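Fold and geometry: a report
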Amino acid sequence: EMTPEEIAFQDRIDRNEKIEPKEWMPEGYRKTLIRQIGQHAHSEIVGQLPEGNWITRAPTLERKAILLAKVQDEAGHGLYLYCAAETLGVSRDELLEALHSGKMKYSSIFNYPTLTWADMGAVGWLVDGAAIMNQVPLQRTSYGPYSRAMIRICKEESFHQRQGYDIMMKMCAGTPEQKAMAQDALNRFWYPALMMFGPSDKDSVHSAQSMAWKIKMNTNDELRQKFVDQTVPQAEYLGLTVPDPDLKWNEEKGGYDFSEPDWSEFFAVIAGNGPCNAERLGARVKAWEDGAWFRDGLMAHAAKASERARA
Ligand code: ACO
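Within any chain, residue numbers begin from 1 and follow the written order of that chain's sequence. Per-residue local features of the predicted model are confined to residues with pLDDT of at least 70, and side-chain atom pairs are confined, for both listing and counting, to 80 or more; whole-chain, interface and lining totals are unaffected and use all residues. Heavy atoms from the whole structure form the basis of all side-chain values; hydrogens and water molecules are not counted.

Before going further, it helps to examine the side chain of R63. Elements are defined by DSSP. Helices are runs of H or I of four residues or more, strands are runs of E of two residues or more, and each kind is numbered from the N terminus. You can see R63 is positioned in helix α4 (residues 61-86). Summary of the burial criterion: residues with accessible area below 20% of their type's maximum are buried, those above 50% are exposed, and those between are partly exposed, where the area comes from a 1.4 Å probe applied to protein chains only. According to the relative accessible area criterion, R63 is buried, its value standing at 14%. Apart from residues lying up to four places away in sequence, R63 is in contact with A58, W117, Q163, D166, I167 and K170. For this analysis, residues touch if any pair of their heavy atoms sits within 4.5 Å.

Dropping the structure here:
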């Protein structure tokens, strides 16, 4: 049964009031937000790796500048989100420790390799497209700092999605080899992109409570359906084939029927056994360790400064 405090809290949520950092909140609400926002922050930071991989090999100076800007944006998104999580009473060091030790997750999608330049198109188009589909409704999420971070992040994500689609258009208007690369990238990223929305609703352990608290605004399957409906016509415009023989417009529901991803693959990836999990986590841990001298220097400097202030 809910306590009077919890009832009053739920009333505020139901009235669409924003909850702010210093206000009372149920412990479960705080924990769920730390999990989701922290996981989201980690995804932005780990998400720099598959694209960072292509900065040195971008085909033109212009493409290099665009990709560099996009990867820097992801770092910025990670920083806003870590700040939003910190308002809930967890430190950035604790969050990073939980990422590095494998206690916290990051998005499954970043455990797939980026093999060709066309993958930069597919990642922008599909991965950032799926991210926006999930994040636009989160602009209305009940926790103030998270919802405000989402507003800025969504503006930048839209640019990312368009730059990816622009790469796909260029590849598809190019030589037959270039178009084949674009098709191959779509073939490899389609199902992993569908998995980004999380398990099907019947297997989503957190959805019901998170939606009651308006931490989540839609179910996983609702957003996956919207993503398919938006993306299939974009693939058609490119002259590419979505790798799903059972994809079919369903007039009655006003959306596409489509094949589910291989959920055993999804659960293997989030358990740490995807194609690139070890490489991604290894790169993050190495970056943290390589930065130790700098953190130590900052701490030593701060200690000296406070000693001087006391003297
Ligand atoms: N990748 C990794 N783990 C996932 C994914 C995924 N794509 N989808 C679900 N999971 C995990 C959940 O974290 C949960 O595990 P946990 O209890 O150990 O944390 C488990 O699978 C069950 O899933 P749900 O009960 O459906 O989990 P939840 O309600 O948190 O929904 C979702 C998952 C939709 C990803 C939600 O957390 C969310 O909207 N997050 C914010 C957006 C985000 O993180 N985006 C990152 C995408 S990439 C990018 O932005 C660059």
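Following the structure, the description resumes.
Turning next to unusual backbone geometry. For N16, which is not glycine, the phi torsion reads 65° and is therefore positive. The exposure class of N16 is exposed, given its relative accessible area of 56%. Within the chain, K214 stands out as a residue other than glycine whose phi angle is a positive 55°. Looking at where K214 falls in the secondary structure, it is placed in the loop between α9 (207-212) and α10 (220-238).

As a further point, take the site of the ligand. Only a single heavy atom is needed: when it lies within 4 Å of a molecule or strand, its residue is near that molecule or strand. Near the ligand, the surroundings consist of 28 residues, among which K105, S108, S204, H206 and K216 are the closest. Identification of polar contacts relies on pairs of N or O atoms within 3.5 Å, with a donor-acceptor requirement for protein atoms, meaning one able to donate a hydrogen and the other able to accept it, and with residues adjacent in sequence counted only if both atoms are side-chain atoms. In the environment of the ligand, a nitrogen atom lies 3.4 Å from a nitrogen or oxygen atom belonging to the backbone of M195. A distance of 2.6 Å separates an oxygen atom of the ligand from a polar side-chain atom of H206. Relative to its free-state accessible area of 950 Å², the ligand is covered by the protein chains to the extent of 91%. The rule is simple: put a 1 Å grid over the protein atoms alone, call a set of points where a 1.4 Å probe fits but cannot get out a cavity, call an open set with protein on both sides within 12 Å along at least five of seven lines a pocket, and count a residue as lining if it has an atom within 4 Å of a point. For a cavity or pocket, the test is whether more than half of a molecule's atoms lie within 2 Å of its grid points; if they do, the molecule sits there. The cavity that encloses the ligand is the largest pocket. Those elements that place two or more of their residues in the shell around the ligand are α2 (27-46), α6 (118-138) and α11 (263-273). Here the accessible surface of atoms and residues is derived via Shrake-Rupley with a 1.4 Å probe, and residues count as covered only by protein chains that are part of the display.

For the rest of this paragraph, the subject is the nonpolar core. Throughout, nonpolar core names a set of buried Ala, Val, Leu, Ile, Met, Phe, Trp, Tyr and Cys residues whose side chains join them through atoms within 4.5 Å. Grouped together as the largest cluster of nonpolar side chains are 48 residues, with contacts concentrated most on W117, W125, L126, F189, W190 and F227. Listed by contribution, the elements that provide at least two residues to this core are α4, α6, α7 (144-172), α8 (176-195), α10 and α11. Among the elements that take part in this core, α6 stands out by supplying nine residues, more than any other. Formed by 27 residues, the second largest nonpolar core is a distinct cluster that contains I37, I45, A85 and M150.

So, on to empty space enclosed by the protein. Grid points are joined across faces, edges and corners, and a volume is the space filled by probe spheres set on the points. What the rule picks out here adds up to one cavity of 30 Å³ or more. Taken as a whole, the largest cavity holds about 30 Å³ of empty space. Every residue along the wall of the largest cavity is listed here: P50, I109, F110, Y112, T114, V123, V127 and F189.

So, on to the pattern of salt bridges. Salt bridge, as applied in this entry: a Lys or Arg side-chain nitrogen positioned within 4 Å of an Asp or Glu carboxyl oxygen. Per the counting criterion, the structure on display carries 18 salt bridges. Between K253 and D257 there is a salt bridge, with the nearest N and O atoms lying 2.9 Å from each other. By relative accessible area, which is 44% here, K253 ends up partly exposed. The class of D257 is partly exposed, set by a relative accessible area of 30%.

Turning to the layout of surface pockets, a few remarks are in order. Over the atoms rolls a probe the size of a water molecule, and its path tells where empty space is left. In this structure, the largest pocket spans a volume of roughly 1,100 Å³. What lines the largest pocket is a set of 47 residues, and nearest its centre among them are Q39, N134, M196, F197 and G198. Going through the elements one at a time, α2, α3 (48-52), α4, α6, α7, α10 and α11 are the ones with two or more residues in the lining of the largest pocket.

What pLDDT conveys is the predictor's confidence in a given residue, as a value from 0 to 100. With 100% of its residues at a pLDDT of 70 or more, the protein shows a mean pLDDT of 97. Reported confidences for the modelled complex are a pTM of 0.96 and an ipTM of 0.98.

Another aspect to go through is α2. Helix span is expected to be 1.5 Å times the residue number reduced by one. If you check α2, its first and last C-alpha atoms are 28 Å apart, about what 20 residues at 1.5 Å a residue would give, namely 28 Å. Within α2, 14 of the 20 residues are buried, which leaves the element mostly enclosed by the surrounding structure.

Quick look at the packing of aromatic side chains now. Pairing of aromatic rings covers Phe, Tyr and the six-membered ring of Trp, with a centre-to-centre limit of 6.5 Å; geometry is then stacked below 30 degrees between planes, edge-to-face above 60, and tilted otherwise. If you walk through the whole model with that rule in mind, you get eleven aromatic pairs. Ring geometry for F9 and Y29: centres 4.9 Å apart, planes at 75°, overall edge-to-face. With F9 in helix α1 (residues 4-14) and Y29 in helix α2, this residue pair connects regions lying 20 residues apart in the sequence. Residue classification places F9 among the buried positions, given a relative accessible area of 3%. Assessed through its relative accessible area of 0%, Y29 is described here as buried. Here the aromatic residues F9, W24, Y29 and W213 are joined through ring pairs into a cluster of three or more. Only lysine NZ and arginine CZ atoms are considered, and such an atom sits over a ring when it is within 6 Å of the ring centre and within 35 degrees of the ring normal. Between R57 and the ring centre of W54, over which it is positioned, the NZ or CZ distance is 4.0 Å. Directly above the ring of W288 sits R295, whose terminal nitrogen or CZ lies 3.4 Å from the centroid.

What follows is about the packing of α4 against helix α5 (residues 92-100). Relative to each other, α4 and α5 sit at 115°, their axes nearing to 9 Å. Judged by the inter-axis angle, α4 sits roughly perpendicular to α5. Crossing geometry of α4 relative to α5 is assigned as right-handed. Along the contact surface, α4 presents L79, Y82, C83, A85 and E86, while α5 presents R92, L95 and L96. Residue type decides the class: Asp, Glu, Lys and Arg count as charged, Ala, Val, Leu, Ile, Met, Phe, Trp, Tyr, Cys and Pro as nonpolar, and the leftover types, Gly among them, as polar. The residue makeup of the contact of α4 with α5, split by class, is six nonpolar, no polar and two charged. Between N-to-C directions, angles span 0 to 180 degrees; the directions come from axes that are lines fitted to C-alpha atoms, helices contributing only their stretch in contact. Orientation categories follow fixed angle ranges, with anything under 35 degrees roughly parallel, anything over 145 roughly antiparallel, 65 to 115 roughly perpendicular, and all other angles oblique. Should the near helix be turned anticlockwise from the far one by less than a right angle, the crossing is termed left-handed; should it be turned clockwise, right-handed.

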